[in-house]
Amino acid sequence: MAGAGGGVVTVYGNGALAETTTKKSTFSVKVGLAQMLRGGVIMDVVNAEQARVAEEAGACAVMALERVPADIRAQGGVARMSDPQLIKEIKNAVTIPVMAKARIGHFVEAQILEAIGIDYVDESEVLTLADEDNHINKHNFRIPFVCGCRNLGEALRRIREGAAMIRTKGEAGTGNIIEAVRHVRSVMGDIRVLMNMDDDEVFSFAKKIAAPYDLVMQTKQLGRLPVVHFAAGGVATPADAALMMQLGCDGVFVGSGVFKSGDPAKRAKAIVQAVTHYSDPELLAEVSCGLGEAMVGINLNDDKVERFANRSE
Amino acid sequence: MVVGVLALQGSFNEHIAALRRLGVKGVEVRKPEQLQYVSSLIIPGGESTTMAKLAEFHNLFPALRDFVKMRKPVWGTCAGLIFLADKVVGQKSGGQELIGGLDCTVHRNFFGSQLQSFEADLPVPNLASKEGGPETCRGVFIRAPAVLEAGPDVEVLAVYPVPPDNHLLQL
């Protein structure tokens, strides 16, 4: 993981170079907060009251937004960064870190979020794309970013752009864990292949997954992604959360899963417990009892369901 | 010698990895019964409110307080420091449970949110003279707490200078 002193990633060109090789390197500070979030649950909240419920349940951070992904899906239209006033209200309601979403490629939304002083920006495919071809150059910011991925190549491309934390894309707002599982298995599977590969073959592998060679080698040496890797997109139950932890994720984002359920406070608490005790089936059984209704969710066999995860690469 | 690392949330893996590099066995501790098998304990960095909630659910606080009272060595990093302090200011509304044992006053998130996080080289003359090693230690302050004041029996190993007009010092 990110070592003390010298940066994790060596980068080239404009702001990217200065950031990680000078003594005042900020990349390890960006990555440092993600390390503190490991083993925790980050919950989507749409107002100050929900934020307090999340904090009381043991969330390690909150994601402030106007509409949870399930509602964005149901209502359609263009989904943009939330009103900064709302985000400020949520920030003032809790003592835990606050994150907020910006549209992919929309660096001004990110500048605004940095200006209001939140802790992390999620460059999210759940919002409508602002740039079909380019993500934000995250090295230009002091605020750290978390980005989604479906596979190892995508994860490393985001990291090279400056992402300090990675999450699976899953399929947000569906309450269906299938896509998050597909994405984490893809990343872990590629890492397993990479670790057994002859060093001389890594050049070709890097080309194949369209990822920067140096990050691919770093991943091979570490045996894991160079940054913290959370699960996201479709977690609705404690069992879902524990599944993602057992598959190798460092923590879990829960969006619509908590506040769209019958008893949000109870479910939130149960999911927090599940992420800490993910290998303890008896405890998982105990916390899964009597949680009330889970969010209904969407079956992905229906062609009419829009795949947020495929919007960007 | 087995060192326990409280593994409720946060950077417990990093601490276990550090122990491994020193050739020491580290074990994850999540339940009170596990404390009897370790001779010392590390409470890692992370979100202190999250760790407090999880510790409450499993009735860990009485066992942790006993562990400290038995004078077994306990190390607190960041959130761990908050737990070990006798007094904490800047808590969430309603407060959070503490273990106590270190005679000091700690301010949670003293420096602010993530954008105020930073790294600094801290001179550690006491450590360097007693144990050798470099004269400075690289401190990474992520939404870090600060010890505002420490009791007479507390040995201060390093200080980070804060401008005297810092508003939080007026508390």
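- As named in an unreviewed UniProt entry, chain B is glutaminase, taken from Punica granatum.
- Note on chain B: under the UniProt heading Catalytic activity (unreviewed entry), the record states "L-glutamine + H2O = L-glutamate + NH4(+)".
- Regarding chain B, the UniProt comment filed under Sequence similarities (unreviewed entry) reads as follows: "Belongs to the glutaminase PdxT/SNO family."

- You'll find chain A entered in an unreviewed UniProt entry as pyridoxal 5'-phosphate synthase (glutamine hydrolyzing), with Punica granatum given as the organism.
- If you open the UniProt record of chain A and go to Sequence similarities (unreviewed entry), you find "Belongs to the PdxS/SNZ family."

Looking at the sheet that holds strand 6 (residues 102-107) of chain B
All names here are of chain B.
Thought 1: Strand order in this open sheet of three strands is 5-6-9, and the pairing throughout is mixed. Edge positions in the sheet fall to strand 5 (85-89) and strand 9 (146-150), since each of these pairs with one other strand and no more. Here the strands of the sheet are splayed against their neighbours by 30° on average, with no regard to which way each runs.
Thought 2: Bridge count between strand 5 and strand 6: four bridges; the pairing is parallel. Bridging from a neighbouring strand, Ala85 pairs with Leu102 of strand 6.

Structural notes on the interface of chain B and chain A
Thought 1: The partner chain A presents 40 residues to the 33 residues of chain B that form the contact.
Thought 2: Where chain B abuts chain A, roughly 3,000 Å² becomes buried across the two surfaces, and 53% of that area is made up of carbon and sulfur atoms.
Thought 3: Three residues, Phe57(B), Gln114(B) and Leu115(B), lead the burial of chain B against chain A; their summed loss comes to 21% of the area buried on that side.
Thought 4: Along the contact surface separating chain B from chain A lie four salt bridges.
Thought 5: In this structure, the connection of chain B to chain A is made through 22 residue pairs in polar contact (both at pLDDT 80 or more).
Thought 6: Elements that contribute at least two residues to the side of chain B that touches chain A include exactly helix 1 (12-21), helix 2 (48-57) and strand 7 (118-123) of chain B.

Concerning the UniProt feature "binding site: D-ribose 5-phosphate" (unreviewed entry) in chain A
All names here are of chain A.
Thought 1: The sites that UniProt annotates as "binding site: D-ribose 5-phosphate" (unreviewed entry) are Asp44, Gly173, Gly234, Gly255 and Ser256. Taking the farthest pair of C-alpha atoms as the criterion, the annotated set spanning 213 residues converges on one region, since that pair is 12.4 Å apart.
Thought 2: For Gly255, the position within the fold is in the loop between strand 8 (251-254) and helix 12 (256-259).
Thought 3: Mapped onto the secondary structure, Ser256 falls in helix 12.
Thought 4: By relative accessible area, which is 4% here, Ser256 ends up buried.
Thought 5: With residues near it in sequence (within four places) discarded, Ser256 still touches Asp44, Val68, Pro69, Ala70, Gly173 and Met295.

Side note on the packing of helix 8 (residues 178-195) of chain A against helix 10 (residues 213-222) of chain A
Two quantities define a packed helix pair, namely the angle between the axes and the distance from one axis to the other.
Residue and element names in this part refer to chain A.
Thought 1: Helix 10 packs onto helix 8 with a crossing angle of 85° between their chain directions and a minimal axis gap of 9 Å. Looking at the two axes, helix 8 sits roughly perpendicular to helix 10. When helix 8 is examined against helix 10, the residues Ile191, Leu194 and Met195 are found in contact with a partner set consisting of Val216, Thr219 and Lys220.
Thought 2: Tallied by class, the residues present in the contact of helix 8 with helix 10 amount to four nonpolar, one polar and one charged.

Cut-offs used in this document
- Residues numbered from 1 in each chain as written.
- Chains lettered and ligands numbered in written order.
- Predicted model: local features only at pLDDT ≥ 70, side-chain atom pairs only at ≥ 80, totals over all residues.
- Heavy atoms only, no water.
- UniProt positions renumbered as here; feature names shortened; annotations may be inferred.
- Pairing = 2+ DSSP bridges.
- Helix = DSSP H or I, 4+ residues; strand = E, 2+ residues; numbered from the N terminus.
- Axes fitted to C-alpha atoms, helices over the stretch in contact; angles between N-to-C directions.
- Contact = heavy atoms within 4.5 Å.
- Buried area = accessible area lost by both parts, 1.4 Å probe.
- Salt bridge = Lys/Arg side-chain N within 4 Å of Asp/Glu carboxyl O.
- Polar contact = N/O pair within 3.5 Å; in protein donor to acceptor, adjacent residues only side chain to side chain.
- Buried < 20%, exposed > 50% of the residue type's maximum accessible area, 1.4 Å probe, protein only.
- Parallel < 35°, antiparallel > 145°, perpendicular 65-115°, else oblique.
- Nonpolar A, V, L, I, M, F, W, Y, C, P; charged D, E, K, R; others polar.

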